[in-house]
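# Summary of the model geometry
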Amino acid sequence: MKDQLDLMVRSGNAIIALESRDEEGAVDLVRGLAEGAHRTLFEWSMTSGLKRILPKLANIGIEPGKPTKALEYILENEGEKKELYLFKDIASHARDPQVLRLLRDIYLRDNVCLILVDSESLPEGLKRLCVTLTLPLPTTAELEAVIKETFRKVHESSVNEVSSSLQKRDLEQMAHTLRGLTAQEAGRVVASVIHDDYMLSAADIPRLVEAKRNRLASTGCLEAINVNVRIDEIGGLTRLKAW
């Protein structure tokens, strides 16, 4: 994903939309790109205003609130193709004619790269100005790493003794169970089952299934049904198992 985003940036796209439920992962991706390419990075949100993040954190005087002033700052401070601007949750503001006009003005500039990360769909008027990159949810291997890192953090921070009896096969099944969640969601679910009894074991898998079911239910599109069968005990369905 980082290489694809880097190509979009170097190709001169003025506005790039990152489609992802995982805001934290999207922000990490952009920060990693900016740091590796030695680019100045600014970030905006309605609650924090516009701040310079890289190479050094700095407040540039754009206070929290609507994005108008932040967008005007971009237009007034056009650089030399070094600056990246990351805006979070601008979709609802883009229905404002003034905001949309500012975004169109940015779209027409050559030395600007604005990256959008939103939790809701962009309005059609803004979509037409963007090139879109869809970020996938974590793979099984990445979720295994999330489980290990979450256990490490809880183990180091807890005043109680924390232990684990997970075998490799258990870890793989636990990661499969968490597929469909973001890394942040998966980490929180794993942390909750560890804190419940200060233990991480195969016995926690049904509770992970229940936690995932609750999250899926909130989307209103899928229903998860708990069954007492391991995924490798089911014949066939190779592609579905991988998903």
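The following paragraphs examine the structure supplied in this document. (Residues numbered from 1 in each chain as written. Predicted model: local features only at pLDDT ≥ 70, side-chain atom pairs only at ≥ 80, totals over all residues. Heavy atoms only, no water.)

## Quick notes on the overall build of the protein
Check the secondary structure of the protein and you find 10 helices and nine strands. Counting only residues that meet the buried cut, the protein has 42% of its 243 residues in that class. Within the protein, residue pairs in contact and separated by at least 24 positions form 69% of the contacts whose partners lie at least 6 positions apart. (Helix = DSSP H or I, 4+ residues; strand = E, 2+ residues; numbered from the N terminus. Buried < 20%, exposed > 50% of the residue type's maximum accessible area, 1.4 Å probe, protein only. Contact = heavy atoms within 4.5 Å.)

## Describing the packing of helix α1 (residues 2–10) against helix α2 (residues 23–36)
At their nearest, the axes of α1 and α2 sit 10 Å apart, and the two run at 60° to each other. α1 and α2 meet at a crossing whose hand is right-handed. On α2, the residues touching Lys2, Leu5, Asp6 and Val9 of α1 are Leu29, Val30, Gly32 and Leu33. Across the contact of α1 with α2, the residue classes break down as five nonpolar, one polar and two charged. (Axes fitted to C-alpha atoms, helices over the stretch in contact; angles between N-to-C directions. Left-handed = near helix turned anticlockwise from the far one by under 90°. Nonpolar A, V, L, I, M, F, W, Y, C, P; charged D, E, K, R; others polar.)

## So, the packing of aromatic side chains
Within the structure shown, the criterion is met by three aromatic pairs. Taking 4.9 Å as the distance between ring centres and 15° as the angle between the ring planes, the aromatic pair formed by phenylalanine 42 and tyrosine 85 counts as stacked. Here phenylalanine 42, found in strand β2 (residues 40–45), pairs with tyrosine 85, found in strand β5 (residues 83–88); they are 43 residues apart in sequence, far enough to count as distant. This pair shows no difference in class: phenylalanine 42 is buried, exactly as tyrosine 85 is. When the centroid spacing of 5.2 Å and the interplanar angle of 25° are considered together, the rings of tryptophan 44 and phenylalanine 87 count as stacked. Remark: phenylalanine 87 occurs in strand β5 and tryptophan 44 occurs in strand β2; sequence separation between them is 43 residues. For the pair formed by tryptophan 44 and phenylalanine 87, the shared burial category is buried. Joined through ring pairs, the aromatic side chains of Phe42, Tyr73 and Tyr85 make up one cluster. (Phe/Tyr/Trp six-rings, centres within 6.5 Å; stacked < 30°, edge-to-face > 60°.)

## Re the sheet that holds strand β6 (residues 114–118)
Ordered in space as β4-β3-β2-β5-β6-β1-β7, the seven strands form an open sheet in which the pairing is mixed. Edge positions in the sheet fall to β4 (58–62) and β7 (131–134), since each has one partner strand and no second. Ignoring which end each strand starts from, the neighbouring axes of this sheet average 25° apart. Taken together, the three bridges between strand β3 (residues 49–54) and β4 define a ladder with antiparallel strand orientation. Across the sheet, lysine 51 pairs through a bridge with asparagine 59, a residue of β4. (Pairing = 2+ DSSP bridges.)

## As for the layout of surface pockets
Reported here for the second largest pocket is a volume of approximately 680 Å³. Looking at the second largest pocket, it is lined by 25 residues, and the ones nearest its centre are Ser20, Asp22, Leu135, Pro136 and Leu137. It is α2 that provides the largest number of residues to the lining of the second largest pocket, a total of six residues. For the lining of the second largest pocket, the per-class residue count stands at nine nonpolar, seven polar and nine charged. (1 Å grid on protein atoms, 1.4 Å probe; cavity = no way out; pocket = protein on both sides within 12 Å on 5 of 7 lines; lining within 4 Å. Points joined across faces, edges and corners; volume = space filled by probe spheres on them.)

## Side note on the pattern of salt bridges
Note on pairing: side chains with opposite charge can pair once their charged atoms come close. A full pass over the atoms with the stated rule returns 14 salt bridges. For aspartate 6, the salt bridge identified is with arginine 10, shortest N-O distance 2.9 Å. Of this pair, aspartate 6 and arginine 10 both sit in helix α1, separated by four residues, roughly a single helical turn. Note that glutamate 185 and arginine 21 form a salt bridge whose closest N and O atoms lie 2.7 Å from each other. You can see glutamate 185 sitting in helix α8 (residues 183–197) and its partner arginine 21 sitting in the loop between β1 (15–19) and α2, a full 164 residues away along the chain. Overall, glutamate 185 belongs to the buried group, its relative accessible area being 17%. (Salt bridge = Lys/Arg side-chain N within 4 Å of Asp/Glu carboxyl O.)

## Focus: a negative patch on the surface
Judged by side-chain charge, Glu23, Glu24, Asp28 and Asp89 come together as a negatively charged surface patch. Assignment of secondary structure puts aspartate 28 in helix α2. Note on aspartate 28: relative accessible area 47%, which makes it partly exposed. (Patch = residues over 30% accessible without salt bridge, like charges linked within 9 Å, V, L, I, M, F, W, Y side chains within 5 Å. Areas by Shrake-Rupley, 256 points an atom, 1.4 Å probe, with all protein chains shown as cover. Lys, Arg positive; Asp, Glu negative; His and termini not counted. Charge placed at Lys NZ, Arg CZ, Asp CG, Glu CD.)

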